[in-house]
Amino acid sequence: MNNSYRAIWNERALTPESAMAAVDGSSNEEILRHTGRWSADQVTTALDITDTDHVLELGCGVGRIGRELADRCAHWTGVDISENMLTHARKRLVEFENTSFYALERSALDKVDGDSIDKAYSIAVFCHMDKEDLYLYLQDLHRVVKPGGLIFVETWNLVHPVGWRRWAFEPKVWSESDQTQRKDVGRNQFCTPEEFELYVSKAGFEVLANYHESQSLQIVAGKGLSETAIAGQVARLRTHKSEIAYSPLYAELYAQFVDVIFGVQHARDMFLFMQEHADTPEVALYQPYVLSLWHKNSELWGEIPTP
Ligand SMILES: C[S@@+](CC[C@H](N)C(=O)[O-])C[C@H]1O[C@@H](n2cnc3c(N)ncnc32)[C@H](O)[C@@H]1O
């Protein structure tokens, strides 16, 4: 069992393929860009990113999102605990001159100056660390973000039925593990909406939106905003909720996908469900993703269906 964040994520990122699989399960560059565009659109709307913004991603992985965001902002900085992830990210973003990368040494943004970042985000990262580390990072995000700046952070939602089902796999896996060893530090971890909001607000941020109607908790928060700015951001985030928050259909697709991965449901049934919901943005996201995994698992999943 591995007890260092860096060691475990470096090991997961030994090759470009394993790194891609570790960031979001994508099986090739085309699918990675497809999911990256979806996430980048969420981030762009959540943070109202403009071409004058200096944007930071905490836990940038292979730059899945950064690659799609770099030409929407003035400068994009990616930081990560894993040097191997950053090696892949540097290569994937080589054509963008407005990018920088830093390897983190601990749960702090030591190489980033205070009050230097307009907008910061972290996707699929806080769900892989202990709460102490999550809180230390939030505190340091508060140091590096400029007054008036925004953050967008997410983790797993323990209280949503799909979040709970995902969590229930963790004790099951642990019950079958060698319990003389410490748990994997990179395992999935979960919060309630109130708990996540507490960490964000205790770190000094004003919470502007807390979307919690899916398997993910997504919080947008600001630093040092005036009352008028807060009211404006809250109204903006309410208007754009459907472009940022995961929908019930997304949560259902995610639940079915987890069941497929854990062998509870056959991929064929998920495929039939997707055909019933064709012409939705959620299926447009999931269908190519599931089909590409089917190509990798065709021995197990059987004949690949035609969309
Ligand atoms: C599931 S990947 C997500 C990557 C990227 N945010 C994305 O959505 O494509 C998690 C990333 O968080 C990084 N990470 C894990 N634990 C970390 C920690 N304690 N500090 C900083 N980064 C960490 C990993 O190296 C990995 O790149």
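Keep in mind that what you see is a predicted model, and the values were worked out from it rather than measured. (Residues numbered from 1 in each chain as written. Predicted model: local features only at pLDDT ≥ 70, side-chain atom pairs only at ≥ 80, totals over all residues. Heavy atoms only, no water.)

(A) Region of the structure containing the overall build of the protein. For the protein, the count of helices and strands is 14 helices and eight strands. Its C-alpha atoms give the protein a radius of gyration of 19 Å, within 12% of the compact-globule value 19 Å for 307 residues. In terms of overall dimensions, the protein has C-alpha extents of about 55 × 45 × 40 Å along its principal axes. Burial statistics for the protein: of 307 residues in total, 54% are counted as buried. By sequence separation, contacts in the protein at least 24 residues apart represent 70% of the contacts at least 6 residues apart. For the protein, the accessible area works out to roughly 13,900 Å², and carbon and sulfur atoms hold 52% of it. If you average the places of the 29 positive and of the 45 negative side-chain charges in the protein, the two averages end up 3 Å apart. (Helix = DSSP H or I, 4+ residues; strand = E, 2+ residues; numbered from the N terminus. Rg over C-alpha atoms; globule rule 2.2 N^0.38 Å. Buried < 20%, exposed > 50% of the residue type's maximum accessible area, 1.4 Å probe, protein only. Contact = heavy atoms within 4.5 Å. Areas by Shrake-Rupley, 256 points an atom, 1.4 Å probe, with all protein chains shown as cover. Lys, Arg positive; Asp, Glu negative; His and termini not counted. Charge placed at Lys NZ, Arg CZ, Asp CG, Glu CD.)

(B) A look at the pairing of strand β3 (residues 99–103). Bridging between strand β2 (residues 75–80) and β3 involves five bridges; their strand directions are parallel. Bridge assignment links valine 79 to a residue of β3, and that residue is tyrosine 102. (Pairing = 2+ DSSP bridges.)

(C) The nonpolar core, seen in detail. Core analysis: the largest hydrophobic core is formed by 40 residues, its most contacted members being Leu109, Phe126, Leu138, Leu141, Ile151, Val153 and Val200. Contributing elements (two or more residues each) for this core: α1 (5–12), α2 (16–24), β1 (54–58), β4 (117–122), α6 (131–144), β5 (145–157), α8 (193–202) and β8 (216–222). Looking at this core, the element that brings in the most residues is α6, giving five residues. Contact partners of valine 153, with chain neighbours within four places excluded, come to Ser122, Phe126, Leu138, Leu141, Phe196, Val200, Leu217, Gln218 and Ile219. (Core = buried A, V, L, I, M, F, W, Y, C linked by side-chain atoms within 4.5 Å.)

(D) Seen up close, the site of the ligand. Neighbouring the ligand are 21 residues, the closest being Gly59, Arg64, Asp80, Ile123 and Tyr137. Taking glycine 61, its main chain carries an N or O atom lying 3.4 Å from an oxygen atom of the ligand. In the environment of the ligand, a nitrogen atom lies 2.9 Å from a nitrogen or oxygen atom belonging to the backbone of isoleucine 123. Its free accessible area being 590 Å², the ligand has 99% of it covered by the protein chains. Of all the secondary structure elements, the ones that give two or more residues to the shell around the ligand are α1 and α2. The class makeup of the residues in the shell around the ligand is 14 nonpolar, four polar and three charged. (Near = heavy atom within 4 Å. Polar contact = N/O pair within 3.5 Å; in protein donor to acceptor, adjacent residues only side chain to side chain. Nonpolar A, V, L, I, M, F, W, Y, C, P; charged D, E, K, R; others polar.)

(E) Broad picture of the environment of alanine 209. By the element assignment, alanine 209 lies in strand β7 (residues 206–211). Spatially, the C-alpha atom of alanine 209 lies 17 Å from that of aspartate 41, the residues being 168 residues apart in sequence.

(F) Region of interest: the packing of helix α3 (residues 29–47) against helix α13 (residues 281–296). Interaxial distance between α3 and α13 falls to 10 Å at its minimum, and their mutual angle equals 155°. Between α3 and α13, the interaxial angle falls into the category roughly antiparallel. As for the relative orientation of α3 and α13, their crossing is left-handed in sense. Residues Ile31, His34, Thr35 and Trp38 of α3 lie in contact with α13, whose contacting residues are Pro281, Glu282, Ala284, Leu285, Pro288, Tyr289 and Ser292. Residue composition of the contact of α3 with α13, grouped by class: seven nonpolar, three polar and one charged. (Axes fitted to C-alpha atoms, helices over the stretch in contact; angles between N-to-C directions. Parallel < 35°, antiparallel > 145°, perpendicular 65-115°, else oblique. Left-handed = near helix turned anticlockwise from the far one by under 90°.)

That's the geometry; what it means functionally is another story.
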